[in-house]
Every structure is written in structure tokens, then in C-alpha cells.
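# Commentary on secondary and tertiary structure
What follows is the residue order along each chain.
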Amino acid sequence: MTHTMNSLDRYAQDKLAALEASGLRREIAETGRGPGAAAVRGDASLVSFCCNDYLTLTPHPKVKRAAAAAVETYGAGAGASRLVTGSHPLYVELEAALARLKGTYAACVFGSGYLANLGIVPTFVGDGDLILADALVHSSMHAGARASHARLELFAHNDIDDCRRLLAGHRAAYGRCLIMTEGVFSMDGDRAPLAALAALGEDYDAWLMVDDAHGLGVLGGGRGSVTEAGCAGRVPLQMGTLSKAVGAYGGFLCASKPVIDLLPSRARSLIYSTGLPAAAVAAAIAAIDLIARDAALVAAPLGKARLFTALLNVAPAESAIVPLIVGAPERALAASRALEAEGFLVTAIRPPTVPENTARLRFTFTAGHRDDDIRRLARCVGEIGLAA
Ligand SMILES: *Cc1c(COP(=O)(O)O)cnc(C)c1O
């Protein structure tokens, strides 16, 4: 096959060269998953500390059996959007299980967490409305905010006073208002001050939306950050993903019945995207059942993360995520390579995923980790001079 470079190829090649020069080029390495927390790259078997399968439910026998049985009964794909061919009976079961776990009246499942945020935000706010978001919220919430055409203002990370200042200054000039934050911040592992944000929302008639991608299955006895913070009933929009602790795939919103009932008429990422494969839905149902029943399993990731922070003598982990910020992207890449040479998979997180000069190693802890591996990891982190 011959191919002559056209202007598109030249654009891509120049862009790649520029990214390479600043340490920001990204590539996806072929990586298999082994038993427990193992990852396989080439000939090397590594212990992965970067997977979000916090409860190691992806390989759980009950979850796998549920997925396999659903494939046998219903086949591989969903065929069309749920609005066209209708909701599979498994969807009804999953949405009921989610609402029960989160203690809300209703739930709606989307194709992924990203698609959920992309669809939820424009359903409830638009032109002439206001969104206040924590400065560190996930890219998918920004995508939702942009699609909504509402005015977006960022408040300083976890800074209640800054959020109140913005509400006092801008709220009156807009129609509806949404406050967006994460229960557990995905790249920092810290928790949002949910009780204070809920109170602000009540004071200013602003609807609080919490993306709890990293709190579900880990905090609040598995029910998530809102339960952990004692705010059940005070967060009207609880979004989450089925792709992390739940070990399957998909996203969701838990809310009141009228809020959920509006989605099929308004949320474009729900309306114009094909439903989930039955296997993913069945796997999520089985995983949520385990989360609801197994308190010891749910307590494991935070316990493991706290063993790591205790060994490093840093502040106790607030979630299953522990970042070590190193600054320059090249330093993060070098540290990641040094740990890989010791048998650990810890991906370097670089801008634009995180702010400039805050490139980091992000460690995630799961029920599948052995304490001995965490001890050896902590030793290696000390030896390469990562822990301050
Ligand atoms: C992973 C993540 C998402 C996206 O969820 P997917 O199901 O992977 O699409 C959304 N928000 C946050 C905070 C996340 O970490």
C-alpha cells in the first residue's frame, strides 16, 4: 500500500512532534489483565496500582457468571437505543437496584459515565442559566457544561467560601443554577465538602450534582460519598459510573422520579446512543448485589490505601486514590518507568488531565492487593525519592 502525506497527515505528525517535545505525547500500551491485581506487559507480570476496579469485581465468579448467562440468553449487543427498541428487563432490574443502593426514588442508566455527564447537564440547565463547578471536576462534566450553553464559573478546589462568593455575585442574574462537584476527586483522591455545598445549594436555590465515580463501592458502606458525608436526601443529582468499583460498564443518575422521567425526552446522549450490551447490565446487577451485602469487601480499598499512606508517613488516604505530585511531566514519566522496572504498574498522569506543574503518579488501591505488595511498593517509592 502506498500513501502520500497530505495536509491531514502533516497536521497530525507536527502535533505529535510538539507533544513529544514537551513530554505530553500519550500512547496506549498493550496490557493484559492477570489474576487479582496483576497486569501483563510484554513478558513482564506487574502489580497494577492504577486500575479503578476497586473491589476487583471484574473477575469475580458471580459477576462473570451473570455476564455469561446474559450473553447466552440475550446475545451480544443491544441493537438500538432504548428509546427505539425499549428497555431490556435487565435495565429495569439494574435501575431499581441502583435507586435502592443510593436511597433515591429512581435511577437512569446511560452508556457510560462520560455519556451520563454529557447528557444530564444540558437536560437541567441551558442558555441564561448558571453552572458553578469545582475547578478540578472531570472532563466529562466540562463536556456537559459546554453542551448546555449555560454560563460556567469555576470555584477554587473544595473552597466553600469561593463558591458562596460566586453565588452571591452571580446567582440573581440567572434562571436555574447547578453546582457541580465530585464526591472523591479522581486525580487527587480527596473528598468534597458535600454537607457545606448542600447547604449552599439550599440557600441559593442551586441544584447540587455530585459525580461519585470514585466513591461508589468504597465510601459510605459502598453507598458512596453522599452517604459517607451524612447528606442522604440533600443531593438532588447523584451521578456515578458502573465502570469502576462496579466492575462492569455504563453510567447512571440517581434522583427523584420527575427528574429521572425527564431524561428520555431531553438527554441526547441517552436518546441517540445504543443501549448497553445485556452482559454489562447483568454484570452490574450482580456487582451491586455484592456491594450491598459485603461490608468487609467494601472496606478493603480504603484500608489498603491507608496502609500505604501510613508506610509513607503522609496524611491518611481519604479514598482509594493516593497521588504523589512530582511537578514536571518528564519526572512523572521517569518515576513511572522506575516503578515498572521494580514490577509495579503506576501510570504517570500529566497535563491536561491535571493542572500545569502538577504531573503526578496516581496510585489506586483495590481489594485485590496483597499487603506485602503494598509494603514493597512503599519501599520502592521511598528508594526512588518520590515520597517527600
Ligand atoms: C471515570 C470518570 C467518569 C467517566 O466514567 P466512564 O464510565 O469511564 O465513562 C466520569 N467522572 C469521573 C469523575 C470519572 O473519574
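Attention in this report is confined to the structure presented alongside it. (Residues numbered from 1 in each chain as written. Predicted model: local features only at pLDDT ≥ 70, side-chain atom pairs only at ≥ 80, totals over all residues. Heavy atoms only, no water.)

Turning our attention to the pairing of strand β4 (residues 106–110). By the criterion of burial, β4 is predominantly enclosed, with five of the five residues buried. Burial of β4 is two-sided: the residues A106, C108 and F110 facing one way and the residues A107 and V109 facing the other way are all buried. Here β4 pairs with strand β10 (residues 251–255) via five bridges, running antiparallel. Bridging from a neighbouring strand, V109 pairs with F252 of β10. (Buried < 20%, exposed > 50% of the residue type's maximum accessible area, 1.4 Å probe, protein only. Helix = DSSP H or I, 4+ residues; strand = E, 2+ residues; numbered from the N terminus. Pairing = 2+ DSSP bridges.)

In this section: empty space enclosed by the protein. Think of a ball as big as a water molecule: rolled over the atoms, this probe shows where empty space is left. One pass over the structure, following the stated rule, counts one cavity of 30 Å³ or more. Looking at the largest cavity, the residues that line it are R82, Y91, V109, F110, G111, S269, L270, S273, T274, G275 and L276. Contributions of two or more residues to the lining of the largest cavity are made by β4 and α11 (268–271). For the lining of the largest cavity, the residue count by class is five nonpolar, five polar and one charged. (1 Å grid on protein atoms, 1.4 Å probe; cavity = no way out; pocket = protein on both sides within 12 Å on 5 of 7 lines; lining within 4 Å. Points joined across faces, edges and corners; volume = space filled by probe spheres on them. Nonpolar A, V, L, I, M, F, W, Y, C, P; charged D, E, K, R; others polar.)

Our next topic: the site of the ligand. Not every one of the 14 residues close to the ligand is listed here, only the nearest: G113, D211, H214, T241 and K244. Here an oxygen atom of the ligand sits 2.7 Å away from a polar atom, N or O, in the side chain of T241. Separating an oxygen atom of the ligand from a side-chain N or O atom of K244 is a distance of 2.6 Å. (Near = heavy atom within 4 Å. Polar contact = N/O pair within 3.5 Å; in protein donor to acceptor, adjacent residues only side chain to side chain.)

Turning to the state of the cysteines, a few remarks are in order. Overall, the coordinates contain zero disulfides when judged by the stated rule. With no disulfide of its own, C177 has C163 as its nearest cysteine by sulfur position, at a separation of 8.0 Å. (Disulfide = S-S within 2.5 Å.)

Along the chain, the position of T56 falls in the loop between β3 (44–48) and α2 (61–74). With relative accessibility at 16%, the residue T56 sits in the buried group. Within polar-contact distance, the side chain of T56 engages the backbone nitrogen of G368 at 2.9 Å. What T56 contacts, discounting residues up to four positions off in sequence, is G36, T366, A367 and G368. (Contact = heavy atoms within 4.5 Å.)

Of all hydrophobic cores here, the largest spans 43 residues; its most connected members are L57, L94, L98, V109, L242, V246 and I288. Looking at this core, the elements that each hand over two or more residues are α2, α4 (89–102), β4, β10, α12 (278–293) and α13 (295–312). The element that contributes the greatest number of residues to this core is α12, accounting for 12 residues. Non-local contacts of V109, meaning those with residues more than four positions away in its chain, are made with R82, Y91, L94, E95, L98, L242, G251, F252, L270 and L276. Of all hydrophobic cores here, the second largest spans 26 residues; its members include A37, L361, V381 and L386. (Core = buried A, V, L, I, M, F, W, Y, C linked by side-chain atoms within 4.5 Å.)

A separate point is the sheet that holds strand β13 (residues 348–349). In any sheet, the strands associate via hydrogen bonds between backbone groups, in a parallel or an antiparallel arrangement. Read from one edge to the other, the open sheet built from three strands follows the order β11-β14-β13, with strand pairing classed as antiparallel. Only two strands of the sheet have a single neighbouring strand rather than two, namely β11 (321–327) and β13. Here β13 pairs with strand β14 (residues 359–364) via two bridges, running antiparallel. Counted as the bridge partner of A348 is L361 from β14.

Let us now look at the pairing of strand β9 (residues 237–241). Within β9, five of the five residues are buried, leaving the element largely enclosed by the surrounding structure. Where β9 lies against β10, four bridges are found, and the strand directions are antiparallel. Of the residues in β10, the one forming a bridge with T241 is G251.

What follows is about the pattern of salt bridges. With the rule as written, the count across this model stands at 18 salt bridges. The residue E340 makes a salt bridge to R41 at a minimum N-O spacing of 3.6 Å. With E340 in helix α14 (residues 329–341) and R41 in strand β2 (residues 38–41), this residue pair connects regions lying 299 residues apart in the sequence. Between D188 and R360 there is a salt bridge; the shortest N-O distance is 3.1 Å. On the criterion of sequence distance, the pair formed by D188 in the loop between β7 (177–182) and α8 (194–204) and R360 in strand β14 is long-range, its members being 172 residues apart. Here the salt bridges do not stand alone but share partners, grouping E20, R25 and E27 into one network. (Salt bridge = Lys/Arg side-chain N within 4 Å of Asp/Glu carboxyl O.)

Below, the discussion takes up the sheet that holds β3. On the basis of which strands lie adjacent, the open sheet formed by four strands has the order β1-β2-β3-β12 and mixed pairing. The open sheet has two edge strands with one neighbour each: β1 (32–33) and β12 (344–345). Pairing analysis gives two bridges linking β1 to β2, with the strands arranged antiparallel. Pairing of R33 across the sheet is with A39, part of β2.

Further remarks concern the packing of helix α7 (residues 160–170) against α8. For any two helices packed against each other, the geometry is given by the interaxial angle and the distance between the axes. Contact geometry for α7 and α8: axes closest at 11 Å, N-to-C directions at 10 degrees. By the angle class used here, α7 and α8 are roughly parallel. Taking contact as the criterion, the partners of I160, C163, R164, L167 and A168 in α7 are, on α8, A196, L197, L200 and Y204. Looking at the contact of α7 with α8 residue by residue, the classes come out as eight nonpolar, no polar and one charged. (Axes fitted to C-alpha atoms, helices over the stretch in contact; angles between N-to-C directions. Parallel < 35°, antiparallel > 145°, perpendicular 65-115°, else oblique.)

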